[in-house]
Amino acid sequence: MGSLSNKRVLLGVTGGIAAYKSAELIRCLQGDGAEVRVAMTPAATEFITPLTLQALSGNPVSLELLDTAAEAAMGHIELARWADLILIAPASADFIARLCHGEGSDLLSTVCLASHGIIAVAPAMNMHMWGNPATQKNLRQLRSQGLPVFGPAVGYQACGDVGEGRMEDPAALATMAGNLFTSGLLKGKKVVITAGPTREALDPVRYISNHSSGKMGYALASAAMEAGASTVLISGPVQLSPPERIKTIAVESAAQMLEAALHEVEGADIFIAAAAVADYRPASVAEQKIKKNDDDMHIQLVKNPDIVATVAGLAKHPLTVGFAAETENLEHYATQKLRKKNLDLIIANDVSDTSIGFNSDDNRVLLVQPGANKALPIMNKNTLAHKLIEHIAALLKTAH
Ligand code: PMT
């Protein structure tokens, strides 16, 4: 697994002699784990054929803004949404100027305008064009807008000059692209995460469950994937769409969640139990809908297996992280769970506060681990998930 694992890179090729290096750049990006698509400006097609880049990338090359067939497949807005990174390499002086002015005169510049992802440029031009004050002013503007500028390198140029302006080496560009992502933190690791509630059936139409929305577990799965991990999400029934690029296994009951966890935990480095698993289930499930006969009704419940404790008890177990949902004595109960379930870390949340915890977009947690508890402030579950993954990745490093 490379530093671009799980990343989608749109390689933007503009008109310049260095366009011939785009072919090798595709290979380097793919070698570092990226899925690559290519968009070319009309001038770029004078230097290298779209067919070459299509064959190497394994995807159709996007060329025209006003191409109905292309728009019907993956139009400029979808392309902008698709890419985690738009890497313009080579970036000509003309394209850099157009990018600076927010022009949308061709497909590639329009995709850049529509993008919310990272746009990086790898300039390639004659040394005098590079040194021109207008080019330098444009570069300063792009940098001040937060666009990473890779290179250029110094050396022999196609026109015979020797100086600054050569496109960076493709392998170096792929490394620079990989460094843009905090990922790499969990590259080569397998992470298994449980999320959402479980449903424990009473009869064919009724069940016992809870208010977990799955938001916390899904955010953790996305953060783990973005950190480069091969991620498996075992999800109880929720209203969220299965996250892209994550193997998602849908389950209903605690028994099914346990079965999936034991299967997936094989070879895993980290197990995170964010699911709100029902502690008890009905002792028996009626085959037919239970009829309303008496004034009161008694349901006998039996204990469900504890999934996270079972995983932590395996002879060859991953770093095991649990959550604790408490309505009082947060630290005390979480510490008890940490010891009882033999976990490496408990992420404790006070679910008596309805602005955090179950079904909200935010959470405030206390990290409980042997020797060092740490409180985090309230924040969005997505932001929190990234912080938790960083913390867990650091724990994994010290554990092995
Ligand atoms: O899904 P959201 O709406 O985003 O809400 C997030 C959340 C509140 C559900 C989440 O942050 C959370 O706290 N999840 C754990 C809820 C819970 O069941 O806590 P617990 O204290 O009862 O269980 C302790 C730990 O044991 C948990 O990691 C739980 O997954 C695990 N467990 C519990 C019972 C069981 N039979 N098997 C388990 O693995």
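These numbers were taken from a predicted model, which means no experiment stands behind them. (Residues numbered from 1 in each chain as written. Predicted model: local features only at pLDDT ≥ 70, side-chain atom pairs only at ≥ 80, totals over all residues. Heavy atoms only, no water.)

## Side note on the overall build of the protein
So, point 1. Looking only at helices and strands, the protein has 14 helices and 20 strands in total.
So, point 2. Structurally, the protein occupies a C-alpha span of about 90 × 50 × 35 Å along its principal axes.
So, point 3. Taking all 400 residues of the protein together, 49% fall into the buried category.
So, point 4. Residue pairs at least 24 apart in sequence account for 66% of intrachain contacts in the protein once pairs closer than 6 positions are excluded.
So, point 5. As displayed, the protein offers around 19,300 Å² of accessible surface, 51% of which is attributable to carbon and sulfur atoms.
So, point 6. Between the mean site of the 34 positive side-chain charges and the mean site of the 40 negative ones, the protein shows a separation of 4 Å. (Helix = DSSP H or I, 4+ residues; strand = E, 2+ residues; numbered from the N terminus. Buried < 20%, exposed > 50% of the residue type's maximum accessible area, 1.4 Å probe, protein only. Contact = heavy atoms within 4.5 Å. Areas by Shrake-Rupley, 256 points an atom, 1.4 Å probe, with all protein chains shown as cover. Lys, Arg positive; Asp, Glu negative; His and termini not counted. Charge placed at Lys NZ, Arg CZ, Asp CG, Glu CD.)

## Comments concerning the domain arrangement of the protein
So, point 1. Assigned domains within the protein: domain 1 (8-179) and domain 2 (190-399).
So, point 2. Computed over C-alpha atoms only, the centres of domain 1 and domain 2 are separated by 43 Å. (Domains from an automatic or database assignment.)

## Regarding helix α13 (residues 330-340)
So, point 1. Among the residues making up α13, those that are buried are Ala334, Thr335 and Leu338. Buried residues along α13 cover an arc of 100° about the axis, so they all sit on one side.
So, point 2. Where the residues of α13 are buried, they touch β15 (319-326), β16 (345-350) and β18 (365-368).
So, point 3. One or two positions beyond α13, positive phi appears at Asn342, with a value near 60°. (Arc of directions from axis to C-beta.)

## Considerations on the packing of helix α5 (residues 93-100) against helix α8 (residues 133-144)
So, point 1. In the contact formed by α5 and α8, the axes pass within 9 Å of each other and the chain directions differ by 50°. Classified by the angle their axes make, α5 and α8 are oblique. The chirality of how α5 crosses α8 is left-handed. Each of Ala93, Ile96, Ala97, Leu99 and Cys100 in α5 lies in contact with α8, whose residues at this interface are Thr135, Asn138, Leu139, Gln141 and Leu142.
So, point 2. The residue makeup of the contact of α5 with α8, split by class, is 7 nonpolar, 3 polar and no charged. (Axes fitted to C-alpha atoms, helices over the stretch in contact; angles between N-to-C directions. Parallel < 35°, antiparallel > 145°, perpendicular 65-115°, else oblique. Left-handed = near helix turned anticlockwise from the far one by under 90°. Nonpolar A, V, L, I, M, F, W, Y, C, P; charged D, E, K, R; others polar.)

## So, helix α2 (residues 50-57)
So, point 1. Turning to α2, its buried residues are Leu53, Leu56 and Ser57. Summarising the axial view, the buried residues of α2 lie within an arc of 90°, below the 170-degree limit, and thus occupy one face. Turned more than 90 degrees off the buried face of α2, the exposed positions are Leu51 and Ala55.
So, point 2. Check the buried side of α2 and you find it contacts β1 (8-13), α1 (22-31) and β2 (35-40).
So, point 3. Two residues or fewer after α2 comes Gly58, characterised by a positive phi angle close to 80°.

## Some words on the nonpolar core
So, point 1. Leu186, Leu220, Ile272 and Leu388 are the most contacted members of the largest nonpolar core, which totals 37 residues.
So, point 2. Elements with a minimum of two residues in this core: β7 (190-195), α10 (215-226), β12 (270-273), β15, β16, β18 and α14 (381-399).
So, point 3. Ignoring anything within four residues of it in the chain, the contact list for Leu220 reads Ile193, Ile272, Ala274, Phe323, Ala385, Leu388 and Ile389.
So, point 4. Counting residues in each nonpolar core, the second largest holds 32 residues, with Val9, Leu29, Val36 and Ala89 among its members. (Core = buried A, V, L, I, M, F, W, Y, C linked by side-chain atoms within 4.5 Å.)

## Quick look at the pattern of salt bridges
So, point 1. One pass over the full model with this rule turns up 10 salt bridges.
So, point 2. A salt bridge links Asp306 to Lys341; its shortest N-O distance comes to 2.5 Å. In this pair, Asp306 is assigned in the loop between β14 (301-303) and α12 (307-312) and Lys341 in the loop between α13 and β16, connecting sequence segments 35 residues apart.
So, point 3. Salt bridges linked by common partners bring Asp94, Arg98 and Asp106 together as one network. (Salt bridge = Lys/Arg side-chain N within 4 Å of Asp/Glu carboxyl O.)

## Let's talk about the sheet that holds β15
So, point 1. Strands sit in the order β11-β10-β7-β12-β15-β16-β18-β19 across an open sheet of 8 strands; the sheet is mixed. Each edge of the open sheet carries a strand with a single partner, namely β11 (247-250) and β19 (374-375).
So, point 2. One ladder, built from 4 bridges, connects strand β10 (residues 230-235) with β11; its direction is parallel. From the neighbouring strand, Val232 faces β11, where its bridge partner is Lys247.
So, point 3. In this fold α10 packs onto β7, β10, β11, β12 and β15, with an angle of close to 165° to the strand it touches most, β7.
So, point 4. The sheet strands contacting α13 are β15, β16 and β18, and the helix crosses β16 at an angle near 150°. (Pairing = 2+ DSSP bridges.)

## As for unusual backbone geometry
So, point 1. Cis geometry marks the peptide bond from Ala89 to Pro90, where omega comes out at 0°.
So, point 2. One can find Pro90 in strand β3 (residues 85-91).
So, point 3. Omega for the peptide link from Gly151 to Pro152 comes to 5°, which places this bond in the cis form.
So, point 4. Looking at the secondary structure, you find Pro152 in the loop between α8 and β5 (153-156).
So, point 5. Notably, Asn329 is not glycine yet its phi reads approximately 45°, a positive angle.

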